[in-house]
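Inside the fold
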Amino acid sequence: MATSELPGAGTTGAPTTAAGAPARPARVRVHHLQAAKQRGERLTMLTAYDAVTARLFDDAGIDMLLVGDSIGNTMHGYATTLPVTLDELVVAARAVAGAARRAFVVADLPFGSYEGGPEQALASGVRMMKESGVAAVKIEGGQRSVPQIRALTAAGIPVVAHLGYTPQSENLLGGPRVQGRGDAAQRISDDAVAVVEAGAVAVVLEMVPAEVAARVTEVVAVPTIGIGAGPHCDGQVLVWVDMAGMTDWSPRFAKRFGEVGAALTSAARAYADEVRSGAFPGPPHSFEA
């Protein structure tokens, strides 16, 4: 559907009150995500790691912002997501949650912060919620993560599950490979049912065949968010630097919706040229005595 009934969706610029003052748009919450699925309304999600991009994406009407452990690859220069710490993600999540006025903000729990069991997951989830102000946490894994999801949900912490290709397990999976082909398709469906029954409020499906994602979307009552999972999910998510054309290479499933990298390079070169030539700063950018 081209239009959205989510709070504040589709607006341009800052909304105002009757008196002309800026108004705070309604916050997207868990029940709005569920209602969107029931209406057949597609959800939008992008990663964000700082306040500047979070505010831009929020103003653009993006429904959900993911403070992903992909910050390791995209911002910190790590080869994988595995080195990312809870400390790093709490800081990034605090910036994003503080900047977003409307979007439903989700933060990853990084590798090593929940695999130890429900008690560890609860401690990590509570810290993330208290110190960052996000609306939900995301953890990878299907049936193996059910005890953690139950513990988090019982404590009032919304959980987004992540199935298919799970980057935190890339060494076991043999790298970024499509999951759920052939006989493994049923396991994806079984995992999806299990995490939803445990309390997950949404399910990210990464790098699974489109037909498998369509089946999961049909059998679970919560929204599915696809990334490399075809067009039949209830929503889509991309890593923002892939979406905006900030990288020299992007995965097959990512579409470049802009060339922000080229524009930024051009701006930096123009700045350097003017500084070297003496054109900047000029009188408009200087102060008089």
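Everything that follows concerns the structure shown earlier in this document.
Let me sum up the structure you'll find in this document. (Residues numbered from 1 in each chain as written. Predicted model: local features only at pLDDT ≥ 70, side-chain atom pairs only at ≥ 80, totals over all residues. Heavy atoms only, no water.)

**Focus on helix H11 (residues 260-277)**
Short version of the rule: Numbered from the N terminus, helices here are DSSP runs of H or I no shorter than four residues, and strands are runs of E no shorter than two. One less than the number of residues in a helix, times 1.5 Å, gives the span that helix is expected to have.
Between its first and last C-alpha atoms H11 spans 26 Å; for 18 residues at 1.5 Å apiece the expected length is 26 Å, and the two agree. Just past H11, the residue glycine 278 takes up positive phi, approximately 90°.

**Here's the deal with helix H1 (residues 30-39)**
Residue pairs spaced three or four apart in an α-helix point in one direction, given the helix's 3.6 residues per turn. Where we set the bar: Burial classification: accessible surface area is computed with a 1.4 Å probe over protein chains only, and a residue below 20% of its type maximum counts as buried, one above 50% as exposed, and the rest as partly exposed. What the arc covers is the set of directions going from the helix axis to the C-beta atoms. For this analysis, residues touch if any pair of their heavy atoms sits within 4.5 Å.
If you check which residues of H1 are buried, you get His32, Leu33, Ala36 and Lys37. Looking down the long axis of H1, one finds its buried residues gathered within 140° of arc, a one-sided arrangement. More than 90 degrees from the buried face of H1, the exposed residues found are His31 and Gln38. Where H1 is buried, its residues contact strand E1 (43-47), strand E2 (64-67), strand E3 (104-108) and helix H9 (210-219). Just downstream of H1, glycine 40 is the residue with a positive phi angle, here 75°.

**Remarks on unusual backbone geometry**
In this structure, the amide linkage connecting phenylalanine 280 to the following residue, proline 281, adopts the cis form with an omega of 0°. Of note, proline 281 is situated in the segment after H11. Even without a glycine there, the phi angle at methionine 207 is positive, about 50°.

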